[in-house]
Every structure is written in structure tokens, then in C-alpha cells.
Amino acid sequence: MSVHLHWFLPTGGDGRTLVDRHAYTDGGVKRSRVTPVSGVRAPDIDYLTQIAKAAEHLGFEAVLTPTGTWCEDAWLTTVALAQHTERLKFLVAFRPGIISPVLAAQMAATYQRITRGRLLLNVVTGGDSTEQRRFGDHLDHDQRYARTAEFLSVVRGVWGGQPYDFDGAHYQVTGGLTALPPDPLPQIFFGGSSPAAGPVAARHTDVYLTWGEPPAQVKEKIDWIRGLAEAEGRDVRFGIRLHTISRDSSREAWAVADRLLDDLDPDTIAAAQQALGRSESVGQQRMLALHGGSRDQLQISPNLWAGVGLVRGGAGTALVGSHAEVADRIEEYHALGIEHFVLSGYPHLEEAYWFGEGVTPELAARGLVAEPPSPLAGVPAANGRPASAPGGAPLLIAGGR
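Residues numbered from 1 in each chain as written. Predicted model: local features only at pLDDT ≥ 70, side-chain atom pairs only at ≥ 80, totals over all residues. Heavy atoms only, no water.

**Student:** It is not clear to me how helix α10 (residues 282-289) should be interpreted in this structure. Could you clarify?
**Tutor:** Note: α-helices contain 3.6 residues per turn, so residues at a spacing of three or four share the same orientation. Of all the positions in α10, only Gly 283, Gln 284, Met 287 and Leu 288 are classed as buried. All buried residues of α10 project into a common sector of 140° when viewed along the axis, lining one side. Those residues of α10 that are buried lie in contact with β8 (207-211) and α9 (266-276). Backbone nitrogen of Gly 283 and a side-chain oxygen of the N-cap are separated by 3.3 Å at the start of α10; the cap is Ser 281. (Buried < 20%, exposed > 50% of the residue type's maximum accessible area, 1.4 Å probe, protein only. Helix = DSSP H or I, 4+ residues; strand = E, 2+ residues; numbered from the N terminus. Arc of directions from axis to C-beta. Contact = heavy atoms within 4.5 Å. Polar contact = N/O pair within 3.5 Å; in protein donor to acceptor, adjacent residues only side chain to side chain.)

**Student:** Would you mind showing me how to read the side chain of Arg 312 here?
**Tutor:** With respect to the helices and strands, the residue Arg 312 is situated in the loop between β11 (304-305) and β12 (318-322). Of the polar contacts made by the side chain of Arg 312, one reaches the backbone oxygen of Leu 18; its length is 2.7 Å.

**Student:** Please explain the confidence of the model for the chain as it appears in this structure.
**Tutor:** Should the pLDDT be low somewhere, the predicted coordinates at that spot are not to be read in detail. For the chain, the mean per-residue pLDDT works out to 88, and 87% of the residues sit at or above 70. The model gives residues 23-37 a pLDDT under 50, and that stretch makes 23 contacts with residues more than four places away or in other chains. Within the model, the stretch residues 382-401 combines pLDDT values under 50 with 14 contacts to residues more than four positions away or in other chains. (pLDDT = per-residue confidence, 0-100.)

**Student:** How should I be thinking about the layout of surface pockets in this particular structure?
**Tutor:** Unfilled space is identified by rolling a water-sized probe across the atoms. Within this model, the second largest pocket holds a volume of roughly 270 Å³. As for the second largest pocket, its lining consists of 17 residues, and the residues nearest its centre are Thr 67, Asp 73, Trp 75, Ile 98 and Phe 135. Of all the secondary-structure elements, those providing two or more residues to the lining of the second largest pocket are α2 (74-81) and β3 (89-94). Ranked by residue count, the leading element in the lining of the second largest pocket is α2, at 3 residues. For the lining of the second largest pocket, the per-class residue count stands at 11 nonpolar, 3 polar and 3 charged. (1 Å grid on protein atoms, 1.4 Å probe; cavity = no way out; pocket = protein on both sides within 12 Å on 5 of 7 lines; lining within 4 Å. Points joined across faces, edges and corners; volume = space filled by probe spheres on them. Nonpolar A, V, L, I, M, F, W, Y, C, P; charged D, E, K, R; others polar.)

Dropping the structure here:
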């Protein structure tokens, strides 16, 4: 079981702090306030292309693209970025209750042909009723998961290449068909910590994603989903969503974490915690419980820092430490059964390089990932020797001019 490394596309904006990262500070709801705030890198195609190309160059397998009213559409953004990359896959997040499952199956099939098989799907059922209502969805938490189960049944059904009928509580389909099924079929990633989410993962998904909880809690989740899947006669793989702050020394890494924390004033933290506390998401509540809204004791496990979750929803923890220490933690999670690591950092362009040039070689030395691409690959030979060979570069001597 090898490690699959993925990065993140900040399609809502990027920056050097944990606050005001998004180009649309109000989530894009009030159209009079769509001006990017000061210091934020807007998610234009040029900047996102830089991140996508960096991720591909550094050996990441895919990039996760989020979904919501606060960011750009994941389908359109990533299919555009596919034209600027060659191998990079796109883990496209989408909400199953917003579009027809037959249409989603058709979109996925078209996407696979356009990109030559570079689509992965991240199903986001949605744990925030306020956000769901913006899309016109008024189902409650458990009903949304029941609908997701039906949605995925239909998607897989119409990918079969034959007319497909389905009669459920949420979808009724007669003769559903994707004339040219996707090849290969996209892997389906899915997360959810509630009792309603577990059976959906066990029956319908390929990779179950958890946010970055301490190893003992992650093991409990893995055992829970694995047991449900075995009862269904299925095998589910596992992934984890984490931020990273990796530097040449542990001291440097924790200094970056401290700087990010210094940017957070008490009022900002209190307002964020109040808003996040209203979430219906069990996973979000588990994230909040890791720190309790307090700046104290944010290192909740070796090299696992909960500071991000003081002001940001979703993934609220970061691996912080030297490159070797971060690799140690990844190896620890991998030993529990985690294969897919979906990572990010602020800003995403620079942190991709810190991880790719620091941690990835550590993982490669341990046999967990393939050797990272050489920075000298494709450089012309010098003095008759390959540029990557010892002594391959010419010796330059200062001439005093």
C-alpha cells in the first residue's frame, strides 16, 4: 500500500494568513462586495495555473478543488486547468443534491474524455443548512445523506452503458444512460462522521476521507467504516485531509505556526467559533472539540496543530515540524491504513514547494512514494556529461571582473 499525495486548489482565494483569504469576504452572496480584500491573491486562472503546474512538477498526483458559494465552480475551473497540465488529476468536489445524477454521470464521462482520464470525484453531502439553502436545498442533515446514497446508485447505474431505471424517495429515473461511459471510471471520494454517513461510505464510495484528527481517533474511524464495508462485501480505501507547515527545522516550522496564530485576535476567533458552532456537521463538531476555541495547547498530538480550526471551517489541523517529522506523522497515519493524503498550506504555491522539496524526498527514501522528479530533468548535458551527474556542470571561476 503506497502513499498517494494530493494538493489543494484555493479557488476562493489565497494568502499568507488564516483570515481574509477568500476573494469574496461574504461568500459571494452580496454582489456589491465581490472586490478582493487587501493582501489576498484572487483565484484567477493565472494564479491557479501556477499552483497546478507546481503540484504536477513536484509529483503530487491530484489537486482537490472545493465546492460552495464562496469559491469558483470546481468543474469549470479544473477542466480549464487541465489544458495547462499534462498528468495532474483533479479531485473535483461537488454537491450531489444540486444537479441530476444522470447529468453528473454524463459530465464525468465527458470530463474523462477531455482530460484523458484525469478526473476524481469528491462527494460533499453538505453539513451546513445555510449553505445548502443558498443552492435551494432544504433537506435536513440525515435526508441529505439518504439522497446521496440514491444519487451514487444512479451514477454508477448509468455508467453501466445500458438503460438504467431507478425508483427511490429522491430520484426516479427511467432509462438513464451515459452513451459513452467514462474510461476509467472516476474514483469516488467521500467523507462524513455521522451515523447517517457511515453506510453511504460503506456501500458506494472508493475512498473514505477524514479530517486530520489524532491517530487514535482516525483509527476508530477506519475500523468503523471498514467494518461497515466488510458487511456489504466491499473494500473501502482511506484518505485524510490535512494542512502542512514543513521547514528545514522544527523550530522554523513552529515559528510559522506562531506567526499565523499571532494574526488572530480574540474577536475574530470568537466570531468564527460562534459561526462554526452552528454547523450540523458531526465532523466539524469533532474539529471544534480538538481545541475548544482556546489558543492553549493547540498541539493536540505530536506535530499535529489545531490552530487552523480556530477560524477556518472544514479541515482544521496541520502537520507542523521538520521535513523528517512531518514524514514521520504521514508514515504513522499510513500504518493505520491511510493511503491518500490531501494536503494544503498558506500560501498554497509556496507551501507546495516546501512540502514537495522537503517531505516528499523523505517519504521516497522510506519507500512510501516514488522518487520525486529531478529538478535537473530535461537540462541539457554539459561537458559531455548529463547535467544530473556529479561534475556535470562546468566549473565557474571568478575572474575578478
